[in-house]
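# Examination of the molecular architecture
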Amino acid sequence: MANVAKKVSWSSKDDEARPGEATPLLNGSPTASQPPEVARQFSHTNFFRIERLTTVNLDDDTAQDENPPTCVSKEILHNEKLLSLKYESLDYDNSENQLFMEEERRISKIGFHALEIKRWLVCLFIGIFTGLIACFIDIVVERLADVKYKVIKKNIDKSTEGGGLSISLVLWATMNAGFVMIGSILVAFIEPAATGSGIPQIKCYLNGVKVPHVVRLKTLVVKVFGVIFSVVGGLAVGKEGPMIHSGAVIAAGISQGRSSTLKKDFKIFEYFRRDTEKRDFVSAGAAAGVSAAFGAPVGGVLFSLEEGASFWNQMLTWRIFFASMISTFTLNFVLSIYHNKPGDLSSPGLINFGRFQSEAVQYNWYEIPIFICVGAIGGILGALFNRLNYCLTMFRIRYIHRPCLQVIEAMLVGTVTATVSFIMIYATYAHDCQPIGEDPIKYPLQLFCPDGEYNAMATAFFNTPEKSVRSLFHDSPGSYNPWTLSLFTLSYFLLACWTYGLAVSSGVFIPSLLIGAAWGRLFGIFISTVSTNSTWADPGKYALMGAAAQLGGIVRMTLSLTVIIVEATGNVTYGLPIMLVLMTAKIVGDFFIEGLYDIHIKLQSVPFLGWEPPEKSHALTAREVMSYPVTCFNRLEKVGRIVDILSDISTNHNGFPVVHENLEPDGDNVGRLCGLILRSQLIVLLKHKVFVERANSNLTQRKLQLKDFRDAYPRFPPIQSIHVSQDERDCTMDLTEFMNPTPYSVPEEASLPRAFRLFRTLGLRHLVICDGSNGVIGIITRKDLARYRLHKGQLEELEMAHT
């Protein structure tokens, strides 16, 4: 235990251990230096204090407790060193009780094939609807942006001739603020779960964390319309990131065959109404979202594998790839009809990087060290971006937590974005006038440039970010002034950093690519200037490398991002340099700070489990990290005791070991393990009054089936809604048929890494700790493992709090 840097006690400061005494562990487990009597006394005296801090969220619609228990003296200042108690785990491990096993045995071989066909059918629907949502977003953004920029351009042209450019500035800022206000109101007041790109939330969901409202229909609607108004409002955001969240929500909805929001049950896909199946479909939805955004189906599969999925197999890979292919095909096909070119499948994604096929953009072997330098620059700038955004997010959490303030901030950012854009266009008109070439400019703003020329800076701001990225990739050398690119990079970097984290639906992919493309092209101009033979130093090529480096430096993706960019460019020869750039950006960036998504997961205090246990954790055993004592039930248990335990806020557990021996509430010997039953299962049993006395009486009672549990999933009723009479409290409930008779357990001597890998690999929610005689002595949950984290080379424990 010497390598644990920070010990956090649940007791108040007055109760902290005195010098020379062993500090008790966070959950009240006995330490190695405590005698058994002291350890047991400590566990029992502190147990109820611990449990009053826990919460249960079986129903996502249930409001958070506005009056916290009196044992919490004051609110703990929020920071990344906290672990929130409001998050619960998902049940990725199937409860193989008698009902489940009987149903599995009844399914014939044809029945299993039918289930597999249904899985493929669900993936087909996921791909189709994700592609259609992407089409809707793209078309509406294009239409609204056309109207906005035409009005502004007409006003600027008129003001240039007659004076009064300040009116144009006010018009631009007002339109931006108006669109942003609508998008921010949708998010701040209607569904806060639609904030940002949603990728951190989906990562948490696939990791096994139950994030409230993350896969709701209302979240999808707000996400779609929110991102439309955010992009049209001129914010430094992209619509590609939210597509991943949108695809995940679509997958979660379709796979359940019903809508809890609309209270409509279509009576299909009922077998998939459990967390295990739902997780796999959400993985397919996230991949389909990536595919629709970038036209990269293989990249979508790898994204789900690299960024989120906690479980994977070969058939799941095929189904996810199928959903990704259907998604990009649907988007391609519908957009070809929209552009009056039916069958011209040239728009595989929302963003099209264009083809890098000409000889001028081919690279040579001696450019590889230069590409690595570009990756290092991207890692440094990405780390700077993440650090600044971290500070901004901490400020928002502490001071801008009211919805009205969030809307005001978003409107302020929209106004500032328009003002900065206008000032930069006006300030550079004398230095950045370019002739209108063969490539048509959609909104050529002449301003004070001579006839036949346009303001190049205006093309960067008078376009959606996706089109600006493509212009930086493919415009001919000499199209951009270095001074213009420098100003644009600096201003857009700061604007994008300020924007990410606002109460709007937004993505960071496209702003990162645009920032990187700008300074990458500037880097290419510098290389062509200093080199004697500049034919190989094409600015567009370095714009692509800069874009990859900047995005990799911010989000720290490697494998999936390499494939996404290669698929988006259509040139596999760029695979090696892009891979080197992304690897370098990740290595350099990780030296300074974590990736943006990981930062926001920590700031939300989510009990997220990484791929591997923290280093230096082998000194800890399961007995030292487990929660103790454990509330257990007998096979035959009194209904009154079950109701009391489920209703008591001091025992708000979600899983209860079932033991053989009779259990006394304060007894030290809790009995030998024979099963595990969930709170949700007990609530369903109480709701249907599955009592032994009723079964033995002459009353006819329908036998409870697995369908009854699936119908209640995922919003199980709270225990307060279950009425149990005084006579029924004296009845007995037989848990044998409904408990999981084979729960996972480990001995108390097991190391923390061993328990961690078992928990993480199998997607567990509860891991029972037993002694040598299989007696239950404790239980490990997600929070018990997630609270240990490596910081500055030492293992530390995080504080637990309501956040």
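What you see is a predicted model; the values in this text were computed from it and never measured. (Residues numbered from 1 in each chain as written. Predicted model: local features only at pLDDT ≥ 70, side-chain atom pairs only at ≥ 80, totals over all residues. Heavy atoms only, no water.)

Now for the sheet that holds strand β16 (residues 776-780). Spatially, β14-β15-β16 is the arrangement adopted by the 3 strands of the open sheet, whose pairing is mixed. The open sheet has two free edges, formed respectively by β14 (745-747) and β16, since each of these has just one partner strand. Pairwise comparison of adjacent strand axes, ignoring direction, gives a mean angle of 30 degrees for this sheet. Two strands pair when backbone bridges link them, and β14 and strand β15 (residues 767-770) are joined in this way by 3 bridges, in the parallel orientation. Bridge pairing links Pro747 to Cys770 in β15. Packing of helix α27 (residues 752-762) onto the sheet brings it into contact with β14, β15 and β16, and relative to β15 it is tilted by some 150 degrees. (Pairing = 2+ DSSP bridges. Helix = DSSP H or I, 4+ residues; strand = E, 2+ residues; numbered from the N terminus. Axes fitted to C-alpha atoms, helices over the stretch in contact; angles between N-to-C directions. Contact = heavy atoms within 4.5 Å.)

Quick look at the packing of aromatic side chains now. The final tally for this structure, using the stated rule, is 20 aromatic pairs. When the centroid spacing of 5.7 Å and the interplanar angle of 80 degrees are considered together, the rings of Trp365 and Tyr366 count as edge-to-face. The interplanar angle of 20 degrees and the centroid separation of 5.3 Å between the aromatic rings of Phe488 and Tyr492 together place this pair among those described as stacked. On the criterion of helical spacing, the pair formed by Phe488 and Tyr492 is a turn pair, its members being 4 residues apart in helix α15 (residues 482-499). Each member of the pair, Phe488 as well as Tyr492, carries the same accessibility label: buried. In this structure an aromatic cluster arises from ring pairing among Phe269, Tyr271, Phe272 and Phe281. The ring of Tyr271 is capped by Arg274, whose NZ or CZ atom sits 4.6 Å from the centre of that ring. Sitting over the ring of Trp611, Arg760 keeps its end group 4.6 Å from the ring centre. (Phe/Tyr/Trp six-rings, centres within 6.5 Å; stacked < 30°, edge-to-face > 60°. Buried < 20%, exposed > 50% of the residue type's maximum accessible area, 1.4 Å probe, protein only. Lys NZ or Arg CZ within 6 Å of the ring centre and 35° of its normal.)

The end-to-end C-alpha distance of helix α17 (residues 539-555), which contains 17 residues, comes to 24 Å, matching closely the 24 Å that a straight helix rising 1.5 Å per residue would cover. Burial of α17 is extensive: 17 of the 17 residues sit out of reach of the surface. The opening residue of α17 is Asp538, an N-cap whose side-chain oxygen sits 3.0 Å from the backbone nitrogen of Gly540. Of the residues flanking the end of α17, it is Arg556, one or two places downstream, whose phi is positive at about 60 degrees. (Expected span 1.5 Å × (residues − 1). Polar contact = N/O pair within 3.5 Å; in protein donor to acceptor, adjacent residues only side chain to side chain.)

Moving on, we get to empty space enclosed by the protein. This structure, assessed with the given rule, holds 7 cavities of 30 Å³ or more. Of the pockets and cavities examined, the second largest cavity occupies roughly 150 Å³. Lining of the second largest cavity is provided by 17 residues; of these, Tyr149, Gly234, Leu235, Phe461 and Asn463 occupy positions nearest its centre. Those elements giving two or more residues to the lining of the second largest cavity turn out to be α3 (109-162), α4 (165-190), α12 (403-427), α13 (456-461) and α14 (465-474). In terms of residues, the lining of the second largest cavity owes the most to one element, α12, which gives 3 residues. Counted by class, the lining of the second largest cavity contains 9 nonpolar, 7 polar and 1 charged residues. (1 Å grid on protein atoms, 1.4 Å probe; cavity = no way out; pocket = protein on both sides within 12 Å on 5 of 7 lines; lining within 4 Å. Points joined across faces, edges and corners; volume = space filled by probe spheres on them. Nonpolar A, V, L, I, M, F, W, Y, C, P; charged D, E, K, R; others polar.)

What follows concerns the nonpolar core. By size, the foremost hydrophobic cluster in this structure holds 142 residues, and its most contacted members are Phe473 and Phe488. Among the elements that take part in this core, α3 stands out by supplying 13 residues, more than any other. Beyond its immediate sequence surroundings of up to four residues, Phe488 is in contact with Met424, Met457, Ala460, Phe461, Leu514 and Ala518. Judged by nonpolar contacts, the second largest core, of 33 residues, contains Phe633, Val643, Leu682 and Tyr713. (Core = buried A, V, L, I, M, F, W, Y, C linked by side-chain atoms within 4.5 Å.)

Here we take up the sheet that holds strand β12 (residues 673-678). The strands making up a sheet associate through hydrogen bonds between their backbones, and the pairing can be parallel or antiparallel. Pairing is mixed across the open sheet formed by 3 strands, whose spatial order is β9-β11-β12. A strand with exactly one partner marks an edge of an open sheet, and here the two such strands are β9 (633-634) and β12. Summarising the sheet, β9 and strand β11 (residues 655-659) pair through 2 bridges and their orientation is parallel. Bridging from a neighbouring strand, Phe633 pairs with Val658 of β11. The strands touched by helix α23 (residues 679-687) within the sheet are β9, β11 and β12, with β12 carrying the most contacts at an inclination of about 75 degrees.

The next subject is the side chain of His245. By the secondary structure assignment, His245 is in helix α7 (residues 241-256). For His245, the residues in contact, after removing those within four places along its chain, are Ala193, Ser197, Gly198, Ile202, Val214, Thr219 and Lys223.

Here the focus is the packing of helix α5 (residues 199-207) against helix α20 (residues 596-603). Between two packed helices, both the angle of their axes relative to each other and the distance between the axes serve to describe the pair. In the contact formed by α5 and α20, the axes pass within 9 Å of each other and the chain directions differ by 70 degrees. When the axis of α5 is compared with that of α20, the two are roughly perpendicular. Of the residues in α20, those touching α5 at Ile199, Pro200, Lys203 and Cys204 are Tyr597, Asp598 and Ile601. Among the residues forming the contact of α5 with α20, the class breakdown is 5 nonpolar, no polar and 2 charged. (Parallel < 35°, antiparallel > 145°, perpendicular 65-115°, else oblique.)

For the rest of this paragraph, the subject is helix α6 (residues 217-232). Here α6 spans 23 Å end to end across 16 residues, near enough to the 22 Å set by a 1.5 Å rise per residue. Inspection of α6 places Thr219, Leu220, Val222, Lys223, Val224, Gly226, Val227, Ile228, Phe229, Ser230, Val231 and Val232 among the buried residues, and these make up the whole buried set. Of the residues flanking the end of α6, it is Gly234, one or two places downstream, whose phi is positive at about 80 degrees.

Burial of the side chains of β15 extends over both faces: Leu767 and Ile769 are buried on one face and Val768 and Cys770 on the other. In this fold, β14 hands off to α27, which returns the chain to β15; that crossover is right-handed. Here β15 pairs with β16 via 4 bridges, running antiparallel. Bridge pairing in β16 places Cys770 opposite Val776. Hairpin connection from β15 to β16: 5 residues lie between these consecutive antiparallel strands, with Asn774 at a positive phi of about 65 degrees. (Right-handed = clockwise from strand over helix to strand, strands pointing away.)

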